[in-house]
Amino acid sequence: MLALRLGRGARPLVLVRRLLVVAASAGVGFLLLCTLGWAMGHPAGSAARLLWCLIPLAATVQFAVAVARTEPGTRPRTGLSAVGLGPARLTTLAATSTAVSCAFGSALALLLFLHLRSDPTGSPLGGQGAELLARGQSLPLAAMLTLLALVPTFATAATGMAMRHHTRRAARPAENVPPPVHTPSGLPWGVALTAAGLAVETYASRSGGGSAPPLPGQFDGSSAGVLAGWSLTAIGLALAGPGITHLCGRLVQILRPGAIRLLAGRTLMTEARNIGRPLGVLCAVISGVFAATSLSGPGAVRPFGPLTGLGAALVIGCTAATLLTATAESRQARAATTTTLHHLGAPATLLRTAAAVRATAILTIFAPLTWMVAALAAIPLTA
Amino acid sequence: MVAPPDNDVLWARSLTYSHNGSPALDGVSLGVREGEILAVCGPRGSGKTTLLRCLSGQLVPQEGEVWFNDSPVHTMSAVLRERLRRDRFSWIDPEPALVPELTAWENAALPLLLRGASHRVAKVTALEWLDRLDIGQCARKRPYALLQAQRQRIAVARALVTTPSVLFADEPTAPLHRTDRAQVIRTLTTAARSHSITVVLATLDEEVAALADRTVSLLDGRRISSLGPTEAEGQAACSLSV
């Protein structure tokens, strides 16, 4: 009940973030139900389709965790801790509100699925609509409920684990928490994994084709190897993200910085862990999208269907929204510093310029990196 | 509008302010002379912080006037008041309020960097002040690695580094033990006197107020005539608050 009350009193932006979680959860739920519908008619090879759903699922869970961390209602406050709403209880509260929004999304997905099934004429799923929705067949209830429970379960568990650490850390006074200014250790691992992933992908694209799972578009090589390579590259980029962000910050504040460069660089170095990981994931997703578009041509054997589009939109939307939410979280974390700077008479333009410098630095490093990874990933697919 | 007396660097007339309806100041007038250390005394909730924030241009009084060197602070735009705070005033909070990402000397040099001073000049000046306040050995550490007393001295160095016209110190010794308290307040007053910086010092502490040139007492948002230490806690204050 407290979660609902806190949600009702929240600002519109917070509610919008919650609604986005609901929408993402509904999208993944719908994808899973459609996979089930397809599997009713085509039992063979449907496991591969289910595996594809894992990517949007992971993106949604990541987004739900990011939103839970940003929620102002679950931020530790000394007053609330004094009345018994400490880190443990706040973790429960965050997990509850995540569970509620994801379950609501799953329910919406079920309603939409049932509505489309009962609607015999117009279906947005195109020609395969009848097969995807398994019209005329009875669906196993237990399977549907299990699939719909996936997003709420995973999101709640991940939120609980993330918030346990987060609330404990935030419960201490800001000045006693050592800011993580040391270089995040993931950079060498990340670079190694990215390189290994690209190598695996190149190697796999030469070996014999026709194996499951089928890739959308036109591709002749070993798709399992290529997917393994892609996953390795994505994990590598996510691991390397914090290190690269930290490096950005270090470069910005190098060589006799003035106030703007000093503040922008140090803030980036401190935030590297928070925003670096979503940045790395977004980078991986964008390069994946570039590589995937290189697969599809006018004469593709398997053209992109509406569900591929929905999945891709979910993955891109969730990773971008996660990055924005992480940025909002770090802005909240910097609120005390911003007040201090205002007291010192720092003009608002200085803070805005520092933010612009940070954004520019990140873009100048990450945009070429994304392009490079995308180009390297696309070479074996098109050659 | 009446022009303020010439010898006052900062001058306020019948300031009234309420935080969202809760009254904080009720008709407070005072003048601060050039180079003096003025203590604003009073119990918690008597309006000391609000008075200092009105005088330093962080808040605009709902009624009354604030003049700084013949310029009206209460009619200035927010941008002008910001510039005034940056160029002529400095501020010490009860908590050190340092920027956690920056090292001690960078924190102390921040006001100079904000004014556009070069990196080298800012660094040299900040290190000089840290040495004067006996925390030169902590210059390269970050706030989390320092003791509260050391952090507060960095905040004092940050306030002094620009040699401002007026320094506002809002209970600067509140979180400290007595030995640290005496040292912080002594370094602050000594530095202010040797550089002829005007100081407005809000404090609960009678010992701290004794180091000031003059004391102004506040109670329930009103100015009361200075009382002895025993009377201020006792019935005299109560009768005056009616």
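I will try to describe carefully the structure that is included in this document. (Residues numbered from 1 in each chain as written. Chains lettered and ligands numbered in written order. Predicted model: local features only at pLDDT ≥ 70, side-chain atom pairs only at ≥ 80, totals over all residues. Heavy atoms only, no water.)

1. Points about the overall build of chain A
Then, number 1: Each helix and strand counted, chain A has 14 helices and 0 strands in total.
Then, number 2: If you list the helices and strands of chain A from N to C, you get α-α-α-α-α-α-α-α-α-α-α-α-α-α.
Then, number 3: Among the 383 residues that make up chain A, the fraction classed as buried is 46%.
Then, number 4: Within chain A, contacts between residues at least 6 apart in sequence are counted, and of these 79% link residues at least 24 apart. (Helix = DSSP H or I, 4+ residues; strand = E, 2+ residues; numbered from the N terminus. Buried < 20%, exposed > 50% of the residue type's maximum accessible area, 1.4 Å probe, protein only. Contact = heavy atoms within 4.5 Å.)

2. Describing the overall build of chain B
Then, number 1: Broken down by element type, chain B carries 9 helices and 10 strands.
Then, number 2: For chain B, the proportion of its 242 residues judged to be buried stands at 55%.
Then, number 3: A separation of at least 24 residues holds for 68% of the contacts in chain B among residues at least 6 apart in sequence.
Then, number 4: In the structure as shown, chain B presents an accessible area of about 10500 Å², 49% of it carried by carbon and sulfur atoms. (Areas by Shrake-Rupley, 256 points an atom, 1.4 Å probe, with all protein chains shown as cover.)

3. Observations regarding the side chain of D170 of chain B
All names here are of chain B.
Then, number 1: Counting through the fold element by element, D170 comes out in strand β7 (residues 166-170).
Then, number 2: Despite being buried, D170 has no salt bridge partner; K48 is the closest side chain of opposite charge, sitting 6.4 Å away.
Then, number 3: Here the side chain of D170 touches T49 through a polar contact of 3.1 Å, side chain to side chain. (Lys, Arg positive; Asp, Glu negative; His and termini not counted. Salt bridge = Lys/Arg side-chain N within 4 Å of Asp/Glu carboxyl O. Polar contact = N/O pair within 3.5 Å; in protein donor to acceptor, adjacent residues only side chain to side chain.)

4. Quick word on the nonpolar core
Then, number 1: Judged by nonpolar contacts, the single largest core of 53 residues is most densely connected at L130, L167 and L188 of chain B.
Then, number 2: No other element matches the 8 residues that helix α3 (residues 104-114) of chain B contributes to this core.
Then, number 3: If we ignore the near neighbours within four places in the chain, the residues touching L167 of chain B are S90, I92, A159, L160, L188, I197, T198, V199 and V200 of chain B.
Then, number 4: By size, the runner-up hydrophobic cluster in this structure holds 35 residues, among which are A24, F30, F63 and L133 of chain A. (Core = buried A, V, L, I, M, F, W, Y, C linked by side-chain atoms within 4.5 Å.)

5. Concerning a nonpolar patch on the surface
Then, number 1: On the surface, L247, L251, I254, L255 and I365 of chain A cluster together into a nonpolar patch covering about 470 Å² of accessible area.
Then, number 2: Considering the arrangement of structural elements, one finds L247 of chain A in helix α10 (residues 223-252). (Patch = residues over 30% accessible without salt bridge, like charges linked within 9 Å, V, L, I, M, F, W, Y side chains within 5 Å.)

6. Here we look at the packing of helix α9 (residues 186-206) of chain A against helix α14 (residues 348-382) of chain A
All names here are of chain A.
Then, number 1: Remark: α9 packs on α14, axes separated minimally by 8 Å, with the N-to-C direction vectors making an angle of 15 degrees. The orientation of α9 relative to α14 falls into the category roughly parallel. For α9 against α14, the interelement crossing comes out right-handed. For the pair formed by α9 and α14, the contact residues are L198, E201, T202 and S205 on the first element and V373, L376, A377, P380 and L381 on the second.
Then, number 2: Split by residue class, the contact of α9 with α14 holds 6 nonpolar, 2 polar and 1 charged. (Axes fitted to C-alpha atoms, helices over the stretch in contact; angles between N-to-C directions. Parallel < 35°, antiparallel > 145°, perpendicular 65-115°, else oblique. Left-handed = near helix turned anticlockwise from the far one by under 90°. Nonpolar A, V, L, I, M, F, W, Y, C, P; charged D, E, K, R; others polar.)

7. Remarks on the packing of helix α11 (residues 259-295) of chain A against helix α12 (residues 306-333) of chain A
Residue and element names in this part refer to chain A.
Then, number 1: Where α11 contacts α12, the two axes come as close as 9 Å, and the packing angle between them is 160 degrees. One finds that α11 runs roughly antiparallel with respect to α12. Once α11 is placed against α12, the crossing between them reads as left-handed. Where α11 approaches α12, its residues E271, N274, I275, P278, L279, V281, L282, V285 and V289 are matched on the opposing element by V315, I316, T319, A320, T322, L323, A326, T327, E329 and S330.

8. Considering the interface of chain A and chain B
Then, number 1: Facing the 28 residues of chain A at the interface are 27 residues of chain B.
Then, number 2: For the pair chain A and chain B, the summed buried surface comes to about 2500 Å²; carbon and sulfur atoms form 59% of the total.
Then, number 3: Run the count over chain A and chain B and you get 1 salt bridge.
Then, number 4: Of the charged contacts, one joins R266 of chain A and E106 of chain B as a salt bridge, the two residues approaching to 2.6 Å between their closest N and O atoms.
Then, number 5: Of all the secondary-structure elements, those providing two or more residues to the side of chain A that touches chain B are α11, α13 (335-343) and α14 of chain A.
Then, number 6: Among the elements that line the side of chain A that touches chain B, the one with the most residues is α11 of chain A, at 6 residues.
Then, number 7: The residue makeup of the side of chain A that touches chain B, split by class, is 14 nonpolar, 10 polar and 4 charged. (Buried area = accessible area lost by both parts, 1.4 Å probe.)

9. Observations concerning the sheet that holds β7 of chain B
All names here are of chain B.
Then, number 1: Read from one edge to the other, the open sheet built from 6 strands follows the order β6-β7-β8-β3-β9-β10, with strand pairing classed as mixed. Edge positions in the open sheet fall to β6 (89-92) and β10 (222-224), since each of these has one partner strand only. On average, each strand axis in the sheet is tilted by 25 degrees relative to the strand beside it, whichever way the strands run.
Then, number 2: Direction of pairing for strand β9 (residues 214-219) relative to β10: antiparallel, over a ladder of 3 bridges. Residue pairing in the sheet places L218 in a bridge with R223 of β10. (Pairing = 2+ DSSP bridges.)

10. Quick look at the packing of aromatic side chains
Residues and elements named next belong to chain B.
Then, number 1: Summed over all chains, the structure comprises 4 aromatic pairs over all chains.
Then, number 2: Residues F89 and F168 carry aromatic rings whose centres are separated by 5.2 Å and whose planes lie at 80 degrees to one another, so their mutual orientation is edge-to-face. Here F89 is found in strand β6, whereas its partner F168 is found in strand β7, with 79 residues between them in sequence.
Then, number 3: Relative accessible area serves as the criterion here: at 4%, F89 is assigned to the buried category.
Then, number 4: Linked through ring pairs, F68, F89, W91 and F168 together constitute an aromatic cluster.
Then, number 5: Above the ring of W129, the side-chain terminus of R132 is found at 4.4 Å from the ring centroid. (Phe/Tyr/Trp six-rings, centres within 6.5 Å; stacked < 30°, edge-to-face > 60°. Lys NZ or Arg CZ within 6 Å of the ring centre and 35° of its normal.)

11. Looking at the pairing of strand β3 (residues 37-41) of chain B
Side chains on a regular strand alternate between the two faces of the sheet.
Residue and element names in this part refer to chain B.
Then, number 1: Most of β3 sits out of view: 5 of its 5 residues are buried.
Then, number 2: Here β3 shows two buried faces, one formed by I37, A39 and C41 and the other by L38 and V40.
Then, number 3: Bridge count between β3 and strand β8 (residues 198-203): 5 bridges; the pairing is parallel. Paired with C41 across the strands is T203, a residue of β8.

None of the figures reported here should be taken as evidence of function without further support.
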